[in-house]
Amino acid sequence: MKSLFVFLLSLFLFVSCESDGELTSKSAESGTISSSAVLKYSGEFYPTSGITVSGFAKIYLDNNKYKVKLEDFIISDGPDLKVYISKESTPTNFVNLGNFKGNGNTFYAIPSGVNVSEYHYVLIHCQQYNHLFAIAPLTII
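Cut-offs used in this document
Residues numbered from 1 in each chain as written. Predicted model: local features only at pLDDT ≥ 70, side-chain atom pairs only at ≥ 80, totals over all residues. Heavy atoms only, no water. Pairing = 2+ DSSP bridges. Helix = DSSP H or I, 4+ residues; strand = E, 2+ residues; numbered from the N terminus. Core = buried A, V, L, I, M, F, W, Y, C linked by side-chain atoms within 4.5 Å. Buried < 20%, exposed > 50% of the residue type's maximum accessible area, 1.4 Å probe, protein only. Contact = heavy atoms within 4.5 Å. Phe/Tyr/Trp six-rings, centres within 6.5 Å; stacked < 30°, edge-to-face > 60°. Lys NZ or Arg CZ within 6 Å of the ring centre and 35° of its normal. pLDDT = per-residue confidence, 0-100.

(A) Inspection of the sheet that holds strand 1 (residues 38-44) at higher detail. What the 5 strands build is an open sheet, ordered 7-4-3-1-10; its pairing is antiparallel. Each edge of the open sheet is held by one strand with a lone partner, namely strand 7 (104-109) and strand 10 (139-140). Across 2 bridges, the pairing between strand 1 and strand 10 is antiparallel. Bridging from a neighbouring strand, tyrosine 41 pairs with isoleucine 140 of strand 10.

(B) Geometry of the nonpolar core. If you look at the biggest cluster of nonpolar residues, it comprises 28 residues, and the most contacted ones within it are Phe45, Val68, Leu70, Ile75, Ile85, Val122 and Ile124. Elements with a minimum of two residues in this core: strand 3 (53-62), strand 4 (65-75), strand 5 (81-86), strand 6 (94-99), strand 8 (121-126) and strand 9 (131-137). If you tally residues by element for this core, the top one is strand 4, at 4 residues. Those residues in contact with isoleucine 85 that lie beyond four places of it in its chain are Val68, Asn93, Phe94, Val95, Leu97, Ile110, Val114, Tyr119, Tyr121 and Val122.

(C) A look at the packing of aromatic side chains. This structure, assessed with the given rule, holds 3 aromatic pairs. A centroid spacing of 4.0 Å and a plane angle of 10 degrees characterise the contact between tyrosine 84 and phenylalanine 94, whose relative ring orientation is stacked. One end of the pair, tyrosine 84, is in strand 5; the other, phenylalanine 94, is in strand 6, and 10 residues separate them in sequence. Joined through ring pairs, the aromatic side chains of Phe45, Phe73 and Phe100 make up one cluster. Residue placement shows lysine 58 over the ring face of phenylalanine 56; its charged tip is 6.0 Å from the ring centre.

(D) Expanded view of the environment of isoleucine 51. Here isoleucine 51 lies in the loop between strand 2 (46-47) and strand 3. For isoleucine 51, a relative accessible area of 13% puts it in the buried group. Taking the C-alpha atoms as reference, isoleucine 51 lies 9.4 Å from glycine 78; in sequence the two are 27 residues apart. Residues in contact with isoleucine 51, not counting those within four places in the same chain, are Ile75, Ser76, His131 and Phe133.

(E) Here's a closer look at the confidence of the model for the chain. The predicted model of the chain has a mean per-residue pLDDT of 85, with 79% of residues at 70 or higher. Per-residue pLDDT stays below 50 along residues 4-29; that stretch engages in 14 contacts with residues further than four places along the chain or on separate chains.

(F) Quick look at unusual backbone geometry. The backbone phi angle of asparagine 63 is positive, close to 55 degrees, even though this residue is not glycine. Checked against the element boundaries, asparagine 63 lands in the loop between strand 3 and strand 4. Phi is positive for aspartate 80, close to 55 degrees, though the residue is something other than glycine. Checked against the element boundaries, aspartate 80 lands in the loop between strand 4 and strand 5. Look at aspartate 80 and you get partly exposed, because its relative accessible area is 32%.

(G) Representation of the environment of proline 79 within the structure. Along the chain, the position of proline 79 falls in the loop between strand 4 and strand 5. Owing to a relative accessible area of 38%, proline 79 belongs among the partly exposed residues under this scheme. Counting along the chain gives 47 residues from proline 79 to cysteine 126, while the straight-line C-alpha distance between them is 6.4 Å. In contact with proline 79, not counting residues within four places along its chain, are Cys126, Gln128 and Tyr129.

Encoded structure:
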């Protein structure tokens with residue numbers, strides 16, 4: 001009986017682990033944007049319960065590459081925070097842009113091959129505890 005319990009627990013842990021897809025398995029280069037970059041989408045962040053957040057998410061087209069800028073961004077501390085672009089306001093159909101780099105103004109490259117027009121949200125998500133911290137619904141500029 002004990003071995004059955006250990007087996008089922010192991011199976012549950014294995015199945016419940018989140019793995020990144022091909023587009024999210026490697027962190028893309030980010031950096032800055034050029035003066036010729038064009039703002040395509042913008043949205044203001046709002047928090048989930050118990051979280052403090054302020055700032056904006058903006059998506060720029062810069063030399064045929066899309067980049068997300070978190071602008072004037074401040075959020076409560078949390079472990080294992082990731083930046084996602086998502087098709088829904090929940091982290092169910094998303095592209096992981098990488099680890100959250102900190103408050104202020106930061107950039108995250110969107111991998112080539114991603115159809116940005118299908119993604120309507122920027123999310124800040126704690127991957128370790130599967131907790132959504134903040135959501136920015138995007139509008140076309």
